[in-house]
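Examination of the molecular architecture
The lines below spell out each chain.
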Amino acid sequence: MFLTILRRELQETFTGSTFLSTLVVLTILVPLSAYIQARHYQRMVEDYALRQSIHQTQNSSQTIALIRPLPPLLPFFNGAYDSLSDEFRLRNDSATANTPSGDLMPLDALFPKIDLSFIVGVLMTLLTILLAHGIIAGDREQGGLKLILAGPIQRRAVLAAKLTGVILPMAVILIYVVSLYATVVAVSSGGTVDVSAANLGALASFTLVALIVLMVIASLGVAISASVRRSSVSLFVCASIWIAAILIWPSLGPYIASSLKTVSTLEAAQREIALKEKELILEELVEHRRTAADLKAQKIGVEYAWQRYLELRRRWIERRNGEIGRLVSERKQQVRDQQALARRISLFSPYAAFTEVLGSLCGTGLESYDEFHAMVERYRQQEFIPKGFDLLSRQRPWLKAVNPDAGLQLRPLQAHSPALSRRLAAAAWPLSILIAEMIVLMIVGALGFERYDVR
Amino acid sequence: MEPGEARAWLVAKKEIIANVRNFRAPIALVTMTLLLLLSANALAFNYRNRLNNWSINQDRQRDTAVVGGVRYDLFDGSFFYGVAFGHAPPIHPPRPFSALVKGMDGDVDRTVSIGQRIVFGARQGEPATSGIFDIPDTSFILKLLVSLFALMLSLDTVTREKESGTLKAMLSQPIRRRELILCKSLGASISLLASFAIAYFVEIIYLYLAYGLPGDREDLVRAILVFGLASIYGIVFVHIGLFISTITAQTKIAVTTALLTWATIVLILPNVAVLMAKLLTPTPSYNQLNARLYEARNRILQESSGDNPTTRSLPEGPGSRQALPRLFEIERRTMDNYLAGKREQNRQARLFAALSPAGALTFGLSDLAGTGVDAYNSYLEFSRSGRDIMIDALERRLDLPPQAGDKLVQEASEKVANRQWRTESLGACLRSSVISITSLLAWAVFFGLAACWRFKRYDVR
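Residues numbered from 1 in each chain as written. Chains lettered and ligands numbered in written order. Predicted model: local features only at pLDDT ≥ 70, side-chain atom pairs only at ≥ 80, totals over all residues.

Comments concerning the overall build of chain B
Within chain B, the secondary structure is distributed over 16 helices and four strands. Expected size for 461 residues packed as a compact globule is a radius of gyration near 23 Å; at 30 Å, chain B overshoots this value by more than 25%. Dimensions of chain B, computed from the C-alpha atoms along their principal axes, are close to 110 × 45 × 35 Å. For chain B, buried positions account for 47% of its 461 residues. The contacts in chain B between residues at least 6 apart in sequence include a share of 79% that link residues at least 24 apart. (Helix = DSSP H or I, 4+ residues; strand = E, 2+ residues; numbered from the N terminus. Rg over C-alpha atoms; globule rule 2.2 N^0.38 Å. Buried ≥ 20, exposed ≤ 12 C-beta atoms within 10 Å, placed from the backbone. Contact = placed C-beta atoms within 7 Å.)

A short note on the overall build of chain A
A tally of regular secondary structure across chain A gives 15 helices and three strands. What you see for chain A is a C-alpha radius of gyration of 29 Å, clearly larger than the 23 Å of a compact globule of 455 residues, by over 25%. Judged by the C-alpha coordinates and their principal axes, chain A covers about 110 × 45 × 35 Å. For chain A, with 455 residues in total, the buried portion stands at 44%. In chain A, of all internal contacts separated by at least 6 residues, the share reaching a separation of at least 24 is 84%.

Side note on the sheet that holds strand 1 (residues 63–67) of chain A
Residue and element names in this part refer to chain A. Sheet architecture is open: three strands sit in the order 1-2-3, paired in antiparallel fashion. Every other strand in the sheet has two partners, leaving strand 1 and strand 3 (94–98) as the edge strands with one partner each. Taking the axes of each pair of neighbouring strands and ignoring which way they run, one obtains an average angle of 25° across the sheet. Looking at chain direction, strand 2 (residues 87–91) and strand 3 are connected through two bridges and run antiparallel. Its bridge partner being in strand 3, Arg91 is matched across the sheet by Ser94. Helix-sheet contacts for helix 13 (residues 366–394) involve strand 1, strand 2 and strand 3, and the interaxial angle to strand 2 is about 35°. (Pairing = 2+ DSSP bridges. Axes fitted to C-alpha atoms, helices over the stretch in contact; angles between N-to-C directions.)

Some details on the interface of chain B and chain A
Taken together, the 84 residues of chain B in the interface contact 85 residues of chain A. Counting residues per element, the side of chain B that touches chain A draws most heavily on helix 9 (residues 251–280) of chain B, which supplies 17 residues. Grouping the amino acids of the side of chain B that touches chain A by side-chain chemistry returns 44 nonpolar, 29 polar and 11 charged. (Nonpolar A, V, L, I, M, F, W, Y, C, P; charged D, E, K, R; others polar.)

Regarding the pairing of strand 4 (residues 118–123) of chain B
Residue and element names in this part refer to chain B. Sheet topology note: the strand 3 (residues 110–114)/strand 4 ladder contains four bridges and is antiparallel. Counterpart to Arg110 in the pairing with strand 4 is Arg123. Turn length for the strand 3-strand 4 hairpin, with the two strands adjacent in sequence and antiparallel, is three residues.

So, the packing of helix 9 of chain B against helix 12 (residues 357–369) of chain B
Packed helices, taken two at a time, are described by the angle their axes make and the gap between the axes. All names here are of chain B. Contact geometry of helix 9 with helix 12 gives a least axis separation of 7 Å together with a crossing angle of 70°. Compared by their axis directions, helix 9 and helix 12 come out roughly perpendicular. Along this stretch, helix 9 crosses helix 12, giving a crossing that reads as right-handed. Of helix 12, the residues touching helix 9 (which contributes Ile265, Val266, Leu269, Pro270 and Ala273) are Pro357, Ala358, Gly359 and Thr362. A class-by-class count of the residues in the contact of helix 9 with helix 12 yields seven nonpolar, two polar and no charged. (Parallel < 35°, antiparallel > 145°, perpendicular 65-115°, else oblique. Left-handed = near helix turned anticlockwise from the far one by under 90°.)

Looking at the nonpolar core
Considering soluble globular proteins, one finds that nonpolar side chains tend to be buried as a cluster. Ranked by internal contacts, the top residues of the largest apolar core, which has 212 residues, are Ile119(A), Leu214(A), Ala218(A) and Val226(B). Apart from the residues within four sequence positions on either side, Ile119(A) is in contact with Leu29(A), Val30(A), Ile114(A), Met124(A) and Val177(A). Ala305(A), Trp306(A), Val70(B) and Leu74(B) belong to the second largest nonpolar core, which has nine residues in total. (Core = buried A, V, L, I, M, F, W, Y, C linked by C-beta atoms within 7 Å.)

Regarding the packing of helix 2 (residues 17–58) of chain A against helix 10 (residues 286–304) of chain B
Running from N to C, helix 2 of chain A and helix 10 of chain B point in directions that differ by 50°, and their axes come no closer than 9 Å. What the angle tells us is that helix 2 of chain A and helix 10 of chain B run oblique. Two packed elements cross with a definite hand, and for helix 2 of chain A against helix 10 of chain B that hand is left-handed. Where helix 2 of chain A abuts helix 10 of chain B, its residues Arg43(A), Asp47(A), Leu50(A), Arg51(A) and Ile54(A) lie against Asn287(B), Gln288(B), Ala291(B) and Tyr294(B).

Re the environment of Gly325(A)
Residues and elements named next belong to chain A. Looking at the secondary structure, you find Gly325 in helix 11 (residues 302–346). Given 16 C-beta atoms within 10 Å, Gly325 falls into the partly exposed group. Separated by 27 residues in the primary sequence, Gly325 and Gln298 have C-alpha atoms spaced 36 Å apart.

Quick notes on helix 5 (residues 157–164) of chain B
Every buried residue belonging to helix 5 of chain B is among Thr157(B), Val158(B), Thr159(B), Glu161(B) and Lys162(B), and all of these are buried. Where helix 5 of chain B terminates, the next one or two residues include Gly165(B), which has phi positive at roughly 90°.

Focus: unusual backbone geometry
Of note in the backbone geometry, Lys299(A) takes a positive phi value of approximately 55° without being a glycine. Note on placement: Lys299(A) falls in the loop between helix 10 (266–297) and helix 11. For Phe23(B), which is not glycine, the phi dihedral falls at a positive 65°. Mapped onto the fold, Phe23(B) is located in the loop between helix 1 (3–21) and helix 2 (24–62).

A closer look at the pairing of strand 1 of chain A
Within a regular beta strand, the side chains point alternately toward one face of the sheet and then the other, so they alternate between its two faces. All names here are of chain A. Burial along strand 1 is one-sided: the face carrying Ile64 and Leu66 is buried and the face carrying Thr63, Ala65 and Ile67 is not. When strand 1 meets strand 2, the two strands line up antiparallel, connected through five bridges. By the bridge assignment for strand 2, Ile67 is matched with Glu87.

A look at the confidence of the model for chain B
In the predicted model, chain B carries a mean pLDDT of 87, and 96% of its residues have values of at least 70. Per the prediction output, this complex has pTM 0.91; the corresponding ipTM is 0.89. (pLDDT = per-residue confidence, 0-100.)

Structural data, given as structure tokens:
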């Protein structure tokens, strides 16, 4: 009986015009966006090496530039990668990290990029609603529901069969979409996308999470369908919830958070830091002037004076790092708090929760950006400042050396990409919200159907 | 009133009453008002923050720069310690109307330092997720809701009457089918536009009272033009709804078809248009551009001082006299190509997107608001002309004695700093939105005619 109902549902779905027309749209859209994303990624990879070598030659004991490593799954989920800067210029005497430049992306402000996350999170959730909204109410209108329930079967089993009848076709489309997308990316990116076990594992988790999102939406459709009498009303309610939760809420969340938890604007924060830096610089200059005068008066040799100078430099570098570092990390903490609030607000939306999970999975989320920041800070503290200072102390500027910075040997910034299990663990919170939403909606649907009036 | 006209008005009135009775128009009114207020509040807050940010940036321009050095002068040698902490680069003030239609203003809102190269800094006041989700400004809310409610109000006008059997009776009256469908369109449009107008002007009044926006008469005219364009967009979707109603036999099927059509037109087509523009005019990223310039610079350096390939800075003396102009020329050409590519991409995206109603609305609204493609392109052009002034001064400096040369460059950079980028005038904004307006009108007429044509053959049984 269960299987009969399931088979009938599947038959109806697969021969329906909704299914077929969506399949046509997806078959055009998926390769197009995959192709664009893959070409974009290819260009980024090619220039990454070039940029890296340029920075190697430009680095000095005073300042270096670091590039954010490319996340391997960037073509699948762009996330926040493009809207955040990917280059930092570090100075040895200040904790501020300047971003040399950002790219111009005016069109993305009007229409965000289409990637796999958009296709799944927006288009496929809509399709799920179209398939799920009428499975109870529509069957009642046609009169089929009465006949089904006349048979020796529990209502719960009927509901389970109908839900499976929505989820199975969606899973089929999902697998089709992901494999089509992945194939096009792999083929057209000129070998820059690394087909490794880890990436395939991440892609499989991507698919699994996407399936959970679709199941949430399917349960929503079923729950609403089992609580109203007409399928057009059901669709109206489903579509309104879909627009509010998928399209509007994730956009509004960050803006609401920024008005609830205000932080000082970028310029205000930078000005405060700059004023402090200038104050410290002037103080340092005064001390240098005094020391220089003292040394000259004492008729001391240049070798010893250089040692005194280095000592003074080191002391001030530490002081400036400490004081400016405190200001910088205070501001960073404020921004992080605001972002955390924004994410908590947005998490109500299954689409936003989905992008959260993808951000951890693909390494393009805000969390991995924060991790990168922390890594840069550690690198500066442990690698760049000691080695830069070491180089400075070996120099003898009064001897007119040819190229004083030639000896700077820094180990490259190692981008550690965490294991898949760690990445999934980082996404535990949004993932559990998604699963909880699914279970609650399924229970609501089952309860609603138990007392559904089939006449 | 002529009897024919009276009958036409009666049909429209009946449609309006039906839409009010089945709660669709009230629901549309309440939802639009709430969401528009929410979005206006969020974006106006964002605008005020950005304005604040800009005025702090203005103050920072006047902060003193720190330049200093100490010479350790000993009897057996000397060394020098020097520091410099310069000015912050300026940013452009945000446009007041961006509280309603943000458009490309978030991408203009960044520091720009102009020397021999233009360096665009980080974006100032946008959430990091703005690359994933749309900006929830009024334009976005209108794009989604006006179209959706237009469909909801119109898509069962024919099927509903057919299902209840009143269609037959109505067609037995001495009224043409064409007239009937146009009257129904009138009724649905009035019920849509009335609720839209109330919601929209409540939003404008709220913005005026709470934030003092729109501030001047020009912005008020812009607000009215935005309403006009969004109304045409609404009528396009009313006609699409009528058309869907005439090609389907049941309300149930009409609703599903309408939602699919809506998603295709509103969510997919404009984005695909932008993808196509990116595909046709690929542009390098800014960092890639820098890499290329660096390579070119190294090449020139190596050619001009072949004996010392590791030199980092330009050689002093006669070598630089030949090398520098070449370097400037390459900087100028590469940057110009990059900016021209971006401008072309924007223009193409607008052209392709204007072929579909939602794309035409988004680009049209941003054009009207002065935050659109033309404004952005003029901003790029503005930065470019500033760069030209700088390069010109740097080139002329080569022939001057050092002090006069430095003075010249100083004057040039002051001149660049004092220029003001002006918003496009209202007339220019209207001109640039002509293509969107035309496209929307054409779609409205097309679907109106299509609905008439289909309804002629409609089986009323």
